[in-house]
Amino acid sequence: MGPATVPETKPVTGVIANMTESYNSSEIAASIDHEFDIEVHDELPSTNERASELAAAGKTDVVVVCNRQTAGRGRKGREWRSPPGGVWTSLLVSPDISTERIPIVTLGMGATIATTLNDFGVSAGIKWPNDVVTDETERKLAGVLTELSDPTEAGQRPQVIVGVGINVAIAEEQLPTGATSMRLQGSDATRQAVLIRILNRFDRLGDDVDRMLDAWRSQAMTIGRSVRVETPTETLTGEAIALTETGALVIRTDQGRQTVTAGDCIHLRSLE
Ligand code: BT5
């Protein structure tokens, strides 16, 4: 059958020249294992914002995807550059995961993206918590922004919006400094093929946070590295030594072990 069956290790080598081909929602629906409603737009301010409207309307299991975003966002209100040529998508899901462990979904998606990019021949790994970067030069290929929407009815599971941005076929001048795209890394993957594979790989993790943590650890570039982590309240420098069961990063510093739950991580060159 079509792309629904995802081989575990074989790289994808299909070459399609037109990189900004249109998405075909029925093709996507037919190629994925999970039953999602697929909403394709040409332009949106932000797919996360659209997913949040759908959540407020009581919807779940929807994938929103668009060609370009006019107000794509990253964490902490940062801008996410979203010209045509990237996968800009949000999954609206209601997993059976307790609210305090929902941040792990971000790690599960980061791992899904890194694995998928490797499937397509792009060597990528994850910088804690959610940056998908090239192995060698650590240029950013993708990011994840997970947001929680309030349940519309009492007792309902939380609605989770998993926003995914992947630079598939974008020229360097359209990206911020330090960013790159799959095309620039030599891949001819199409956006739709990338999206389908992301959806199927993510679905395989189910609602299993331990599996998500393991998937993250298997793609992590941060563990064992000298890092500087900027949290909302302090800056820590030391060696990243582990990921906790809640997705926090453990750093060995001169002041002892410290655990950080949120922040920006910079990989430092080790002093040799
Ligand atoms: C992220 O934030 O990495 C999360 C990005 C999530 C984007 C998706 S697109 C679909 C969905 N709808 C949305 O509105 N958002 C989600 P953060 O770690 O805060 O990184 C943001 C930083 O990455 C910016 O400050 C820039 O430095 C850089 N950046 C911006 N656009 C980029 C791009 N296209 N590729 C690589 N880096 C980028």
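Scroll up for the structure.
Residues numbered from 1 in each chain as written. Predicted model: local features only at pLDDT ≥ 70, side-chain atom pairs only at ≥ 80, totals over all residues. Heavy atoms only, no water.

Asks: Kindly report on the packing of helix α3 (residues 103-119) against helix α4 (residues 191-204), identifying the contributing residues and their values.
Replies: Put simply, α3 and α4 touch, their axes get as near as 9 Å, and they point 130° apart. What the angle tells us is that α3 and α4 run oblique. Considering only the axes of α3 and α4, their crossing is right-handed. Contacts between α3 and α4 pair Val 105, Gly 108, Met 109, Thr 112, Ile 113, Thr 115, Thr 116 and Asp 119 from the former with Val 194, Arg 197, Ile 198, Arg 201 and Phe 202 from the latter. In terms of residue class, the contact of α3 with α4 is built from 6 nonpolar, 4 polar and 3 charged. (Axes fitted to C-alpha atoms, helices over the stretch in contact; angles between N-to-C directions. Helix = DSSP H or I, 4+ residues; strand = E, 2+ residues; numbered from the N terminus. Parallel < 35°, antiparallel > 145°, perpendicular 65-115°, else oblique. Left-handed = near helix turned anticlockwise from the far one by under 90°. Contact = heavy atoms within 4.5 Å. Nonpolar A, V, L, I, M, F, W, Y, C, P; charged D, E, K, R; others polar.)

Asks: Before we move on, can you summarise the sheet that holds strand β9 (residues 235-243) with the specific residues and values?
Replies: The strand order across the open sheet built from 5 strands is β11-β10-β9-β8-β12, with neighbouring strands paired in antiparallel fashion. Every interior strand has two partners, whereas the edge strands, β11 (256-260) and β12 (264-268), have only one. Taken pair by pair, the neighbouring strands of this sheet meet at an average axis angle of 45°, ignoring direction. Pairing of strand β8 (residues 226-230) with β12, which is carried by 5 bridges, proceeds in the antiparallel orientation. (Pairing = 2+ DSSP bridges.)

Asks: Kindly report on the site of the ligand, identifying the contributing residues and their values.
Replies: Taken together, 26 residues lie around the ligand, and Ser 46, Arg 73, Arg 78, Lys 140 and Asn 167 are the ones closest in. One nitrogen or oxygen atom from the side chain of Thr 47 is found 3.1 Å from a nitrogen atom belonging to the ligand. Within the side chain of Lys 140, one N or O atom sits 2.8 Å away from an oxygen atom of the ligand. Contact with the protein chains covers 89% of the free accessible surface of the ligand, which is 790 Å². At the level of elements, α2 (47-56), β3 (86-93), β6 (140-149) and β7 (159-167) are the ones that each hand at least two residues to the shell around the ligand. (Near = heavy atom within 4 Å. Polar contact = N/O pair within 3.5 Å; in protein donor to acceptor, adjacent residues only side chain to side chain. Areas by Shrake-Rupley, 256 points an atom, 1.4 Å probe, with all protein chains shown as cover.)

Asks: Could you give me a rundown of α4, with the residues and numbers involved?
Replies: The terminal C-alpha atoms of α4 lie 20 Å apart, and with 14 residues this matches the ideal 20 Å at 1.5 Å per residue to within 8%. Summarising burial for α4: 11 of the 14 residues are buried, a large majority. Taken together, the buried positions of α4 are Arg 191, Gln 192, Val 194, Leu 195, Ile 196, Arg 197, Ile 198, Leu 199, Asn 200, Arg 201 and Phe 202. Where α4 is buried, its residues contact α1 (25-31), β2 (62-69), β3, α3 and β7. (Expected span 1.5 Å × (residues − 1). Buried < 20%, exposed > 50% of the residue type's maximum accessible area, 1.4 Å probe, protein only.)

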